[in-house]
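Chain and residue survey
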Amino acid sequence: MRDLVEIGMGRTARRTYQLDDVNIVPSRRTRSSKEVSTAWQIDAYRFDIPVLAHPTDALVSPTFAIELGKRGGLGVINGEGLWGRHADVEDKLRRLVEIAEEDGGVDAAIRYLQELHAAPLQAGLLAAAVAQVRDSGVTTAVRVSPQNARALTPELIKAGIDLLVVHGTIISAEHVVHTEQEPLNLKTFISELDVPVIAGGVSDHRTALHLMRTGAAGVIVGYGSTEGATTTGEVLGIGVPMATAIADAAAARRDYLDETGGRYVHVIADGDINSSGDLAKAIACGADAAVLGAPLAVSAEAPGGGWYWPSAAAHPSVPRGALLPVSYGERPSLDQVLSGPSDDPYGSLNLVGGLRRSMAKTGYSDLKEFQKVGLTVRA
């Protein structure tokens with residue numbers, strides 16, 4: 001039964017929970033963290049760690065995607081980002097950071113980012129970025145928006161992607177565009193592709209179930225909220241309570257599994273995951289994997305130079321993100337961010353190691369089992 005509260009006469013709202021509102025409960029059994037597996041698999045692609053990188057130019061360059069892939073994760077290139085618009089992206093990003101730090105601050109940097117994104121997409125540049133990742137041997141994934149999925153996907157398929165991510169702030173099974181154009185029907189769109197599709201974000205059971213029925217291999221829950229960087233709440237008034245949203249999507253996954261007689265759709269959490277404890281809670285609420293942005297952007301391998309911004313920050317008329325400094329001084333390696341060692345007592349380093357320890361302390365040996373762990377809600 002849903003927990004409804006009255007917010008005024010005749011107006012009720014559902015009580016929901018963020019990841020900070022829940023805690024994982026230890027069980028009677030513990031085990032060694034060396035006996036824990038954090039592996040997961042979507043379609044034919046297996047990953048050693050349940051970590052995807054947010055598709056923003058601040059984080060995922062072709063080089064970063066390769067480095068994360070070698071460590072068992074998945075880097076998702078933004079197919080509408082700078083790697084498909086400019087040949088000298090590294091120089092452009094250095095200039096962006098200079099503006100943020102010196103010339104005009106974050107507002108001026110956002111204007112410069114919008115100018116960079118105003119350059120036309122060049123299929124050759126995007127294909128070259130995809131080829132660089134593909135030729136390294138790691139799984140290759142690219143993100144497109146629902147608005148541009150139909151136009152960009154054929155070129156991406158030709159370039160050799162393994163996974164397609166159709167990703168927007170909020171996404172539905174049918175994206176309605178201008179009346180003179182045919183709407184993007186995801187079910188038809190996915191059925192015509194030879195590569196698996198991950199789609200999102202969604203925030204509730206109904207939308208997640210509808211998206212699963214399109215044939216998506218994975219559904220993204222949330223919109224990548226990072227305090228200080230993502231401003232969707234301020235701009236649109238929309239918020240995603242991640243603990244509740246993940247649990248709702250996991251329930252939709254169970255319903256769809258029963259409905260289809262066994263087709264499993266992966267739930268991928270995207271938002272408010274800033275530490276190893278948050279990552280563990282997301283899995284415990286029902287996620288199979290998580291999209292991380294700012295926590296990975298602190299690494300020395302990230303192209304943002306110690307700064308992070310979500311992909312929505314570059315929107316030409318309604319930007320929903322700001323530039324956020326995430327690291328000062330010497331930046332840790334990606335190895336240290338993912339696997340330690342850590343000297344940070346708050347879980348910002350050794351993210352996967354913290355997840356493994358949480359699973360071990362509660363007695364679970366793999367991610368699917370860990371989704372059954374007990375939870376409590378803070379008073």
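These numbers come from a predicted model, not from an experiment.

Attention shifts here to helix α3 (residues 105-117). Note: α-helices contain 3.6 residues per turn, so residues at a spacing of three or four share the same orientation. End to end, α3 covers 19 Å across 13 residues, agreeing with the expected 18 Å (1.5 Å per residue, within 8%). Every buried residue belonging to α3 is among Gly 105, Ala 108, Ala 109, Ile 110, Tyr 112, Leu 113, Gln 114, Leu 116 and His 117, and all of these are buried.

If a strand is regular, its side chains alternate between the two faces of the sheet. Within strand β12 (residues 197-202), six of the six residues are buried, which leaves it mostly tucked inside the rest of the structure. Here strand β9 (residues 163-167) runs beside β12; their pairing, made up of four bridges, is parallel. Among the inter-strand pairings, Val 166 is bridged to a residue of β12, identified as Ala 199.

On to the nonpolar core. Of all hydrophobic cores here, the largest spans 120 residues; its most connected members are Phe 64, Leu 164, Phe 189, Ile 246, Leu 296, Trp 309 and Phe 370. Ranked by the residues each element gives to this core, the list is headed by helix α9 (residues 242-260), at seven residues. Among all residues touching Phe 370, those that are not within four sequence positions of it are Ile 24, Ala 280, Ile 283, Ala 284, Leu 355, Ser 358, Met 359, Thr 362 and Tyr 364.

Glancing now at the pattern of salt bridges. By the definition in use, this model includes 14 salt bridges. The partner of Arg 31 in a salt bridge is Glu 35, and the shortest N-O contact between them spans 3.7 Å. What makes Arg 31 partly exposed here is its relative accessible area of 28%. In this structure, Arg 46 and Asp 48 form a salt bridge, with 2.6 Å as the shortest nitrogen-oxygen distance. The network of salt bridges with shared partners includes Glu 67, Arg 71 and Asp 335.

This part takes up empty space enclosed by the protein. For the structure shown, the criterion picks out three cavities of 30 Å³ or more. The calculated volume of the second largest cavity comes to roughly 60 Å³. Together, Leu 52, Ala 53, Pro 55, Val 76, Val 165, His 167, Ile 198, Ile 220, Asp 270 and Val 291 line the second largest cavity. Listing elements by their share of the lining of the second largest cavity, those giving two or more residues are β6 (51-53) and β9. Looking at the lining of the second largest cavity, its residues break down into eight nonpolar, one polar and one charged.

Note on placement: His 86 falls in the loop between β7 (74-78) and α2 (89-103). Owing to a relative accessible area of 13%, His 86 belongs among the buried residues under this scheme. A polar contact of 2.8 Å, which involves the side chain of His 86, links it to the backbone oxygen of Leu 116. Not counting residues up to four positions away in its chain, the partners in contact with His 86 are Lys 92, Leu 116, Ala 119 and Leu 125.

Taken as a whole, the protein chain shows an average pLDDT of 90; of its residues, 91% reach a score of 70 or greater. This model gives residues 175-179 a pLDDT under 50, and the stretch forms seven contacts once residues within four places in sequence are excluded.

Definitions and limits used
- Counting of residues starts from 1 at the beginning of each chain's written sequence and follows it residue by residue.
- Local features in this predicted model are restricted to residues whose pLDDT is 70 or higher, and side-chain atom pairs enter the listing and the counts only when it is 80 or higher, whereas totals over whole chains, interfaces and linings include all residues.
- The side-chain values count all of the structure's non-hydrogen atoms but skip hydrogen atoms and water molecules.
- Each helix corresponds to a stretch of at least 4 residues labelled H or I by DSSP, and each strand to a stretch of at least 2 residues labelled E; elements are numbered beginning at the N terminus.
- What a helix should span is 1.5 Å times the count of its residues minus one.
- Three exposure classes are used, based on accessible area relative to the maximum for each residue type with a 1.4 Å probe and protein chains only: buried under 20%, partly exposed in between, and exposed over 50%.
- When DSSP locates at least two bridges between a pair of strands, those strands are taken to pair.
- Each nonpolar core is a collection of buried residues, namely Ala, Val, Leu, Ile, Met, Phe, Trp, Tyr and Cys, held together in the definition by side-chain atoms within 4.5 Å.
- Residue contacts are counted whenever heavy atoms from the two residues lie within 4.5 Å of one another.
- Criterion for a salt bridge: a side-chain nitrogen of Lys or Arg within 4 Å of a carboxyl oxygen of Asp or Glu.
- A cavity here means a set of 1 Å grid points, computed over protein atoms only, where a 1.4 Å probe fits but cannot escape. A pocket is an open set with protein on both sides within 12 Å along at least 5 of 7 lines, and lining residues have an atom within 4 Å of a point.
- Grid points are joined across faces, edges and corners, and a volume is the space filled by probe spheres set on the points.
- Any residue outside Ala, Val, Leu, Ile, Met, Phe, Trp, Tyr, Cys, Pro, Asp, Glu, Lys and Arg is labelled polar, Gly included; the first ten of those are nonpolar and the last four are charged.
- In protein, a polar contact means a hydrogen-donor-capable atom and an acceptor-capable atom, both N or O and within 3.5 Å, with residues adjacent in sequence counting only if both atoms are side-chain atoms; elsewhere, any N or O pair within 3.5 Å suffices.
- Values of pLDDT, ranging from 0 to 100, describe the predictor's confidence in every residue of the model.

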